[in-house]
Amino acid sequence: MKQTVILLTGLLIAGALSGQQWKPQSTEWYYPEPPVVKPGKTAGQAPSDAIILFDGKDLSKWTSTGEGDAKWEVRNGEMVIVPKTGAIQTKEYFGDCQLHIEFKSPAPENHRGQHRGNSGIFLQSIYEVQVLDGDNNPTYVNGMIGSIYKQSAPLANAYTKNGEWQVYDIYWKAPVFGAEGKLETPAMITVVLNGILVQNNYALKGHTAYTGLPEYKAHGRLPLMLQDHGTAVAFRNIWIRNL
Ligand code: MG
């Protein structure tokens, strides 16, 4: 980045000194060269530089947010919430990232609203992208599927049907804190659900608060957390890229 800025500045000065004698080449640069990243062979498959957080086999990348190991169940290539065993979080800590995660809501039974297939994807442990059954399941819109919980309703309900896998792709820019923990830049998030844009570079107002208002408190890299909200939501194919 720094080299690019220096190069561009140099070109601009050179351009000004030469009386705006621009050539097309004056505004082209060659380094730093972006790394080669090979995409997955099929849609949603991890690219070559992704960290695989769950490949269908085990919870080795995860731990309980309480005591000990993650207590969710792994079966048929899925990890399934065992209600009341608590949230789980990655052992690794993250900042800016691209996250791919797929989930499936359990059978609705008689549950409604926030009780139907509720879980959550907590970027840096404290900022929630809601996971909820969005199939004919009215609730407050800033708590529905695709919402930034209690902050931003989604641009669309892109959920398909209960029983079908739903695909989230999340692009996260961590908040930046300066001297004495003062917020310099808020967290920014873009969320795509099933290929449909549901959050368009939304600037978060702070952490996810169930009661009260969001606020920022300075932090660095933190784990990715998945919520246990008492229903057996299943997850698969989870990978993340550090940005
Ligand atoms: Mg939730």
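Structure's up top.
Conventions adopted
- Residues numbered from 1 in each chain as written.
- Predicted model: local features only at pLDDT ≥ 70, side-chain atom pairs only at ≥ 80, totals over all residues.
- Heavy atoms only, no water.
- Helix = DSSP H or I, 4+ residues; strand = E, 2+ residues; numbered from the N terminus.
- Buried < 20%, exposed > 50% of the residue type's maximum accessible area, 1.4 Å probe, protein only.
- Lys, Arg positive; Asp, Glu negative; His and termini not counted.
- Charge placed at Lys NZ, Arg CZ, Asp CG, Glu CD.
- Donors = N, O, S within 2.8 Å, 3.2 Å for Na, K, Ca; no water.
- Pairing = 2+ DSSP bridges.
- Axes fitted to C-alpha atoms, helices over the stretch in contact; angles between N-to-C directions.
- Phe/Tyr/Trp six-rings, centres within 6.5 Å; stacked < 30°, edge-to-face > 60°.
- Core = buried A, V, L, I, M, F, W, Y, C linked by side-chain atoms within 4.5 Å.
- Contact = heavy atoms within 4.5 Å.
- Polar contact = N/O pair within 3.5 Å; in protein donor to acceptor, adjacent residues only side chain to side chain.

A short note on the overall build of the protein chain
Along the backbone of the protein chain there are 1 helix and 15 strands. Summarising its shape, the C-alpha atoms of the protein chain cover approximately 75 × 40 × 35 Å along the three principal directions. Among the 243 residues that make up the protein chain, the fraction classed as buried is 42%. Each charge class in the protein chain was averaged separately, 22 positive and 22 negative side chains, and the resulting centres sit 2 Å apart.

Focus: the coordination of the magnesium ion
Those donors, Asn118 (OD1), Ser119 (O), Glu128 (OE), Gln130 (OE1) and Gln227 (OE1), are the protein atoms that reach the magnesium ion, and they lie 2.2 to 2.3 Å from it. Along the chain, the residues that donate to the magnesium ion are spaced as N-S-x8-E-x1-Q-x96-Q. The exposure class assigned to Glu128 is buried, which follows from its relative accessible area of 3%.

Brief notes about the sheet that holds strand β2 (residues 62–64)
Across a sheet, strands are paired by hydrogen bonds formed along the backbone, either parallel or antiparallel in direction. Ordered by their spatial adjacency, 5 strands build an open sheet running β2-β5-β14-β7-β8, and the pairing between neighbours is antiparallel. What marks the edges here is a single partner per strand, and that holds for β2 and β8 (127–131). The sheet shows a mean angle of 30 degrees between the axes of neighbouring strands, direction not considered.

Considering the packing of aromatic side chains
Enumeration over the complete set of coordinates arrives at 7 aromatic pairs. Look at Trp72 and Phe235: their rings are 6.2 Å apart centre to centre, the planes differ by 15 degrees, and that puts the pair in the stacked class. A residue pair is termed long-range when its members are at least 10 positions apart, and Trp72 in the loop between β2 and β3 (73–75) and Phe235 in strand β15 (residues 234–242) qualify at 163 residues. Classification of Phe235 by relative accessible area gives buried; the value is 0%. Ring centres of Phe103 and Tyr159 lie 6.4 Å apart, and the angle between their planes is 45 degrees; this geometry places the pair in the tilted category. Taken together, the residues span a long stretch of sequence, with Phe103 in strand β6 (residues 97–104) and Tyr159 in the loop between β8 and β9 (166–173) at a distance of 56 residues. Summarising the burial analysis for this pair, Phe103 and Tyr159 share the class buried. Of the aromatic side chains, those joined through ring pairs into one cluster are Tyr127, Trp172, Phe177 and Tyr216.

Quick look at the pairing of β15
Both strand β1 (residues 51–54) and β15 contribute to a ladder of 3 bridges, which runs antiparallel. Along β15, the bridge assignment pairs Ile52 with Trp239. Relative to β15, strand β4 (residues 78–80) is paired through 2 bridges, and the arrangement is antiparallel. Note that in β15 the partner of Met79 across the bridge is Phe235. Bridge analysis of β6 against β15 gives 7 bridges, and the strand direction is antiparallel. Looking at the pairing, Gln98 lines up with Arg241 of β15.

Digging into the nonpolar core
Among the nonpolar cores identified, the biggest contains 43 residues, and Trp62, Ile121, Leu123 and Tyr168 are the most heavily contacted of them. Excluding residues that lie within four positions of it along the chain, Ile121 makes contacts with Leu99, Ile101, Tyr127, Glu128, Val129, Val131, Tyr168, Ile170, Leu224, Met225 and Leu226.

Focus on the pairing of β8
The buried fraction of β8 is high, at 5 of 5 residues. Residues Tyr127, Val129 and Val131 point to one face of β8 and Glu128 and Gln130 to the other, with burial holding for every one of them. Across 5 bridges, the pairing between strand β7 (residues 119–123) and β8 is antiparallel. Residue pairing in the sheet places Ser119 in a bridge with Val131 of β8. In this antiparallel pair of consecutive strands, β7 and β8, the connection spans 3 residues, and Gln124 shows a positive phi of 50 degrees.

Some words on the side chain of Gln130
Mapped onto the secondary structure, Gln130 falls in strand β8. Taking the relative accessible area as the measure of exposure, Gln130 reaches 1% and is therefore buried. Reaching out from Gln130, the side chain makes a polar contact with the side chain of Gln114 at a distance of 3.0 Å. The contacts of Gln130, once residues within four sequence positions are left out, are Gln114, Asn118, Ser119, Gly143, Met144, Ile145, Gly146, Ser147, Tyr149, Tyr168 and Gln227.

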